[in-house]
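Below are the chains, spelled out letter by letter.
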Amino acid sequence: MAIGAAEIARILEAYPAVPAVGALGSHSAIDIADGAVTEGLASVVLTQTGRDATYARYFRTLRDASGARRRGCVDEVWDYPKFAELASPESQERLRQRGVVFVPNRAFSSYVPLDTIEREFRVPVVGARAMLRIEERSERENYYRLLEAAGIPSPRAIASPDAIDRLAIVKLPHARRRLERGFFTAASPAEFRTKSERLIARGTITADDLATARIEEYVLGPVFNFNFFFSPLVPRAEGLELLGVDERRESNLDGLVRLPAAQQLELTESERIPDYLVVGHGTLTLRESILEDVFRIGEKFVDAARARYPPGILGAFCLQTCLDRDGRPSVFDVAARIGGGTNVHLALGHPYGNALYREPMSTGRRIALEIRRAATDGRLGEILT
Ligand SMILES: Nc1ncnc2c1ncn2[C@@H]1O[C@H](COP(=O)(O)OP(=O)(O)O)[C@@H](O)[C@H]1O
Ligand SMILES: [Mg+2]
């Protein structure tokens, strides 16, 4: 049985008045920890041995003799042999004892099985626990369904390889690195066949994954990841905030586009295949005349999520969007939790978040502010699931 509101309310009864903020040490954990301590909450980062130095050493909180923060923002580091063990009964008990509310990032929903998160992880989650699953394209109830129900434009789905009549992107996991992408593009059925055969032979993708891959129209245009926040603590008309926009750097895809055409053509066949491994982020703002379209999409998403997954989206979420040649946004991916690129604005805040709050407002800080407000008003149950 999925963990419900009554159970979370019961767990919260034993919590301190001001909870600590926890996150899995990867993805956007620095933003989460930075935001927490900025708002006066303690931060706890759960690491995996061998991947802990960033948090345990380089961003660890150091205090002077009087206890004042001298450096860093990660107050506590709890190390696990494997990330998945943070959901063990002993670890859950420790998280509850420490009064941790847990901010889910993509690494959490990738390393801890979704069934475990939904049915066994008895720690309050900041955000919409039940919506983490919609990111899985292999699920029947995935984000495409939600976007469709919401009436949000997204790249046109192409039913089968034989129906490819323009540049298309084929989405499937990498054969060995299952958390990474084995994406490729093709502009015709013949190109689909030659490319996929080559990628299978190289061990990049498998025939099984290919059979169920999502094929969609490739939108030629820049990618904007809209980092939104929705608060259920204020009137609905004030609930949606756009904090900022990030864009990604994707390993050799970005390397390829930085080469002049003549040099691209000198690459070998296999060097020319772009990889979509996300390795970093940059920051963007949006032409103002397009902002209203983006808010409209955000509002539709909030409404559809409330109807389909009550209580709906809570807190940070990210709509990953391509802008077409007419500047129209088309949502190709959804994160029903903090996005992966929010470190771009850590302590400086996000451009739009700052405009709204009149002080630096990063995503991590906005999350912590929401926790603090809800805790003060006795409304934690409304932002936790
Ligand atoms: N329809 C599309 N048109 C153009 N580029 C796309 C499209 N869908 C995805 N991409 C590119 O592929 C990358 C990863 O796609 P995404 O759907 O976000 O995969 P994942 O779920 O693995 O994050 C995007 O950042 C973007 O560069
Ligand atoms: Mg994505």
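Please read these numbers as outputs of a predicted model, since none were measured by experiment.

Calculation criteria
- Residues numbered from 1 in each chain as written.
- Chains lettered and ligands numbered in written order.
- Predicted model: local features only at pLDDT ≥ 70, side-chain atom pairs only at ≥ 80, totals over all residues.
- Heavy atoms only, no water.
- Helix = DSSP H or I, 4+ residues; strand = E, 2+ residues; numbered from the N terminus.
- Buried < 20%, exposed > 50% of the residue type's maximum accessible area, 1.4 Å probe, protein only.
- Polar contact = N/O pair within 3.5 Å; in protein donor to acceptor, adjacent residues only side chain to side chain.
- Contact = heavy atoms within 4.5 Å.
- Domains from an automatic or database assignment.
- Buried area = accessible area lost by both parts, 1.4 Å probe.
- Salt bridge = Lys/Arg side-chain N within 4 Å of Asp/Glu carboxyl O.
- Nonpolar A, V, L, I, M, F, W, Y, C, P; charged D, E, K, R; others polar.
- Axes fitted to C-alpha atoms, helices over the stretch in contact; angles between N-to-C directions.
- Parallel < 35°, antiparallel > 145°, perpendicular 65-115°, else oblique.
- Left-handed = near helix turned anticlockwise from the far one by under 90°.
- 1 Å grid on protein atoms, 1.4 Å probe; cavity = no way out; pocket = protein on both sides within 12 Å on 5 of 7 lines; lining within 4 Å.
- Points joined across faces, edges and corners; volume = space filled by probe spheres on them.
- Near = heavy atom within 4 Å.
- Areas by Shrake-Rupley, 256 points an atom, 1.4 Å probe, with all protein chains shown as cover.
- Donors = N, O, S within 2.8 Å, 3.2 Å for Na, K, Ca; no water.
- Pairing = 2+ DSSP bridges.

As for its position among the elements, E118 is in helix α6 (residues 114-119). Residue E118 is classed as buried on the basis of its relative accessible area of 15%. Side-chain polar atoms of E118 contact the side chain of R133, separated by 2.9 Å. Not counting residues within four places of it along the chain, the set of residues in contact with E118 comprises M1, A2, I3, R129 and R133.

Okay, the domain arrangement of the chain next. Along its sequence, the chain is carved into domain 1 (5-129 + 378-383), domain 2 (143-153 + 221-358) and domain 3 (161-217). Taken together, the contacts link 14 residues of domain 1 with 13 residues of domain 2. Here domain 1 and domain 2 share an interface that buries about 1,200 Å² over both sides, 58% of which is from carbon and sulfur atoms. If you sort the residues of domain 1 by the area they bury against domain 2, H27, D31 and A128 come out on top, with a joint share of 34%. The tally of links from domain 1 across to domain 2 stands at zero salt bridges. If you list the elements that add at least two residues to the side of domain 1 that touches domain 2, you get α2 (29-38) and α16 (380-383). Considering each element in turn, the side of domain 1 that touches domain 2 owes the most residues, four residues, to α2. Across the side of domain 1 that touches domain 2, the residue classes tally to five nonpolar, four polar and five charged.

Turning our attention to the packing of α2 against helix α15 (residues 363-376). Contact geometry for α2 and α15: axes closest at 7 Å, N-to-C directions at 50°. Viewed along their axes, α2 and α15 adopt a mutual orientation that is oblique. In the packing of α2 onto α15, the handedness of the crossing is right-handed. On the side of α2, the interface is formed by D31, I32, G35, A36 and T38, while α15 contributes T363, G364, R365 and A368.

The subject of this paragraph is the layout of surface pockets. Think of a ball as big as a water molecule: rolled over the atoms, this probe shows where empty space is left. Computed from the structure, the second largest pocket encloses a volume of approximately 310 Å³. Lining the second largest pocket are 20 residues, and of these I3, A5, P310, P311 and T385 lie nearest its centre. Secondary-structure elements contributing two or more residues to the lining of the second largest pocket are α1 (5-13) and α16. Residues of the lining of the second largest pocket, tallied by class, amount to 13 nonpolar, four polar and three charged. Looking at which domains feed residues into the lining of the second largest pocket, each of domain 1 (5-129 + 378-383) and domain 2 (143-153 + 221-358) supplies at least three.

Once that is clear, we can look at the site of ligand 1. Lining the immediate surroundings of ligand 1 are 17 residues, of which R137, K171, R181, E216 and E250 lie closest. Between ligand 1 and the protein, one listed contact pairs a nitrogen atom with a side-chain N or O atom of E216 at 2.8 Å. Take Q320: an N or O atom from its side chain is 2.9 Å from an oxygen atom of ligand 1. Expressed as a share of its isolated accessible area of 550 Å², the protein-covered part of ligand 1 is 91%. Looking at the shell around ligand 1, the elements that each hand over two or more residues are β7 (168-171), β9 (214-217), β11 (240-250), β13 (315-323) and β14 (329-335).

Here we take up the coordination of the magnesium ion (ligand 2). With distances of 2.1 to 2.2 Å, the protein atoms coordinating the magnesium ion (ligand 2) are Q320 (OE1) and D333 (OD). Note that Q320 is positioned in strand β13 and D333 in strand β14, a separation of 13 residues in sequence.

In this structure, the amide linkage connecting P310 to the following residue, P311, adopts the cis form with an omega of 5°. Relative to the helices and strands, P311 resides in the loop between α13 (288-308) and β13. One non-glycine residue, H27, lies in the positive phi region at around 70°. Relative to the elements of secondary structure, H27 occurs in the loop between β1 (20-24) and α2.

Strand order in the open sheet formed by three strands is β8-β7-β9, and the pairing between neighbours is antiparallel. What marks the edges here is a single partner per strand, and that holds for β8 (184-186) and β9. Strand-to-strand twist in this sheet, taken as the mean axis angle between neighbours without regard to direction, amounts to 30°. Summarising the sheet, β7 and β8 pair through three bridges and their orientation is antiparallel. Its bridge partner lying in β8, V170 is registered against F184. Packed on one face of the sheet, helix α8 (residues 189-201) meets β7, β8 and β9 and runs near 155° to β8.

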